[in-house]
Amino acid sequence: MPRSRALALAASLAALVLAHSVLAHRHLSQAEDAIRMEPPTTDDTLTSYLSRAGDFELFLRALRHFGLDRPLDGKDKKKICVPSDPAPPCYFYYCPPAPCEWVPERKNVSLVAEDGPFTVLAFNDEAMRALLSSWIPDLSLERVFKSAHLSARLEDALLYHIIKGASVTTAD
């Protein structure tokens, strides 16, 4: 092999190693940034912690849209009034309200606060945009919420990243 070709091969190999090193360093620094986040306080809920940490706004909006924020924060689900008896008769211009039973809203029965604790693998805003763009280029969260198909798809993705259990390892 001619010496010039060997030097060119060595230079391109060195450039490849350098590029790989730069990418590895970038991913390592992102992981270090995640580790440097302040740990949650005893007063924190998941949504308050992610709000304070920043860069999770799209994830939080999606949790709120699907009603997943309250169970993950350990709060009761929103309650709705379900009529339990027929409405009483009206008197002149007044109609008394029908007796009702306050029951938890069954928007998402697969996630209940009492089933916690949970481990949540939260998407930062960059990851959420990448997920949505992998479905349709330049897809916005508002457009996802308007489409029943895309909305169901996003809800499935969120539920997949919510794991029952306080401490989940890669072995799990």
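In what follows, the structure referred to is the one given above.
Note that the coordinates shown come from a computational prediction; the quantities given were computed from them, not determined experimentally.

Novice: Which parts of the structure should I look at to understand the side chain of threonine 47?
Specialist: Here threonine 47 is to be found in helix H2 (residues 46-53). At 2.5 Å, the side chain of threonine 47 and the side chain of aspartate 73 are in polar contact.

Novice: Is there a simple way to explain the packing of H2 against helix H3 (residues 57-65) in this structure?
Specialist: Running from N to C, H2 and H3 point in directions that differ by 155°, and their axes come no closer than 10 Å. With respect to H3, the element H2 is oriented roughly antiparallel. As H2 packs across H3, the resulting crossing turns out to be left-handed. In this structure, H2 contributes Leu46, Thr47, Leu50 and Ser51 to the contact, and H3 contributes Phe59, Leu60, Leu63 and Arg64. Here the contact of H2 with H3 is composed, by residue class, of 5 nonpolar, 2 polar and 1 charged.

Novice: I'm lost on the nonpolar core in this one. Help?
Specialist: Nonpolar side chains tend toward joint burial in soluble globular proteins. Counting 25 residues, the largest nonpolar core has Met128, Leu132, Leu154 and Leu158 as the members making the most contacts within it. Elements represented by at least two residues in this core include exactly H2, H3, helix H5 (125-135), helix H6 (141-146) and helix H7 (148-160). Apart from the residues lying within four places of it in its own chain, the contact partners of leucine 158 are Phe59, Ala62, Leu63, Phe66, Leu68, Phe123 and Met128.

About the criteria used
Residues numbered from 1 in each chain as written. Predicted model: local features only at pLDDT ≥ 70, side-chain atom pairs only at ≥ 80, totals over all residues. Heavy atoms only, no water. Helix = DSSP H or I, 4+ residues; strand = E, 2+ residues; numbered from the N terminus. Polar contact = N/O pair within 3.5 Å; in protein donor to acceptor, adjacent residues only side chain to side chain. Axes fitted to C-alpha atoms, helices over the stretch in contact; angles between N-to-C directions. Parallel < 35°, antiparallel > 145°, perpendicular 65-115°, else oblique. Left-handed = near helix turned anticlockwise from the far one by under 90°. Contact = heavy atoms within 4.5 Å. Nonpolar A, V, L, I, M, F, W, Y, C, P; charged D, E, K, R; others polar. Core = buried A, V, L, I, M, F, W, Y, C linked by side-chain atoms within 4.5 Å. Buried < 20%, exposed > 50% of the residue type's maximum accessible area, 1.4 Å probe, protein only.

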